[in-house]
Amino acid sequence: MTSTPAIPSAMTSAAENASAAVSAAGAVDGTGLHGPVTDWFAEHARDLPWRRPEAGAWGVMVSEFMLQQTPVSRVLPVYEQWLARWPRPADLAAEPPGEAVRAWGRLGYPRRALRLHAAASAIQERHGGDVPREHAQLLALPGVGEYTAAAVASFAYGQRHAVLDTNVRRVFARAVTGRQYPPNATTAAERKLARALLPEDEGLAARWAAATMELGALVCTARSPECHRCPIAAQCAWRLAGSPVHEGPPRRTQAYAGTDRQVRGKLLAVLREAVTPVPQGVLDAVWDEPVQRARALDGLVSDGLVEPLGGGRYRLPHS
């Protein structure tokens, strides 16, 4: 039987201190983290099109919809084509929602395309075509949740909001709470911690939001964190505790091959390429198993991604 090496008392104390700070409600002090992280960001941030001034609030919003559960490398070409075609919300709102689904390509989770189209229509109707600045107004747009509203307000308008995506949650879990991974779903405790760590200065808070996200994406990664590159490695509660292995519920993994999601993607691919309504027989050729194929097609219709027509024909939605 192999014995587990003892964790040095200094490391144990540091981890205990970090946990105590977190449990003490608003007693978390992030001031020692802000400078190193934002300085690192200034030197190492990727040059991404939605971070450039010319992207504007609409460019930021489009990127946030596309980047949900999708890597940057896949988003970049679709994002650039999208903004070239629809540089303003009004341009997208003037097109049928099916065109948004078509242009979404193979980014996955295509309901995001419908929601972005609905948000563009609401922006045109309620705000004269300009992405609103106020967090509450952003949150009231179709398809915009707490994360997206905070991200657009912060990244587009430089406002002070806690922006909690998967990368940021992982950085905070390790650096402050001493855990390898955050919970599967965002908790009230995580939101409280994020607010406690937020710099008081509005401009610094916006940079902090972007910097912690980038740190999680490039350095504090899920599988192979590069702690030697981390600007706050010396303060990281997880490292000081000896990098303990995750002991919570298993992390969720998303299967794809053979699932209804794969079948839906294949059906949508046919419809995206078609310029006229597609007969049922063409869709039947996409997947051999008829029950799963029918279930996937019914799901696409229920989600508003596919519009059934007479005579067993289908197309992308027109209204």
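Residues numbered from 1 in each chain as written. Predicted model: local features only at pLDDT ≥ 70, side-chain atom pairs only at ≥ 80, totals over all residues. Heavy atoms only, no water.

Participant: Whenever I open this one, the packing of aromatic side chains confuses me. Can you help?
Facilitator: Two measures describe an aromatic ring pair: the distance that separates the ring centres and the angle between the ring planes. Taken as a whole, this structure holds 4 aromatic pairs when the rule is applied. Ring centres of W82 and W104 lie 5.7 Å apart, and the angle between their planes is 80 degrees; on these two criteria the pair is classed as edge-to-face. Note that W82 is positioned in helix α4 (residues 72-85) and W104 in helix α6 (residues 97-104), a separation of 22 residues in sequence. W104 carries the same exposure label as W82, and that label is buried. With centroids separated by 6.0 Å and ring planes inclined at 15 degrees, the aromatic side chains of F172 and W208 adopt a geometry described as stacked. One end of the pair, F172, is in helix α10 (residues 166-175); the other, W208, is in helix α12 (residues 202-218), with 36 residues separating them in the sequence. (Phe/Tyr/Trp six-rings, centres within 6.5 Å; stacked < 30°, edge-to-face > 60°. Helix = DSSP H or I, 4+ residues; strand = E, 2+ residues; numbered from the N terminus. Buried < 20%, exposed > 50% of the residue type's maximum accessible area, 1.4 Å probe, protein only.)

Participant: Hey, could you run me through the pattern of salt bridges in this one?
Facilitator: Tallied over the entire structure, the rule returns 15 salt bridges. E214 is paired through a salt bridge with R46; the nearest N and O atoms lie 2.8 Å apart. Of this pair, E214 sits in helix α12 while R46 is found in the loop between α2 (31-44) and α3 (56-67), placing the two residues 168 residues apart along the sequence. One salt bridge in this structure joins R102 and E99, with 3.1 Å as the shortest N-O distance. Of this pair, R102 and E99 both sit in helix α6, 3 residues apart, which is roughly one turn of that helix. For R102, a relative accessible area of 27% gives the class partly exposed. Each of R85, E95, E99 and R102 takes part in a single network of salt bridges with overlapping partners. (Salt bridge = Lys/Arg side-chain N within 4 Å of Asp/Glu carboxyl O.)

Participant: Hey, could you run me through the packing of α3 against helix α9 (residues 146-157) in this one?
Facilitator: Packed helix pairs are characterised by how far apart their axes lie and by the angle those axes make with each other. α9 packs onto α3 with a crossing angle of 145 degrees between their chain directions and a minimal axis gap of 9 Å. In the packing of α3 onto α9, the handedness of the crossing is right-handed. Facing α3, whose interface residues are A57, V60, M61, E64 and F65, α9 presents Y147, T148, A151, V152, F155, A156 and Y157. Here the residues of the contact of α3 with α9 sort into 10 nonpolar, 1 polar and 1 charged. (Axes fitted to C-alpha atoms, helices over the stretch in contact; angles between N-to-C directions. Left-handed = near helix turned anticlockwise from the far one by under 90°. Contact = heavy atoms within 4.5 Å. Nonpolar A, V, L, I, M, F, W, Y, C, P; charged D, E, K, R; others polar.)

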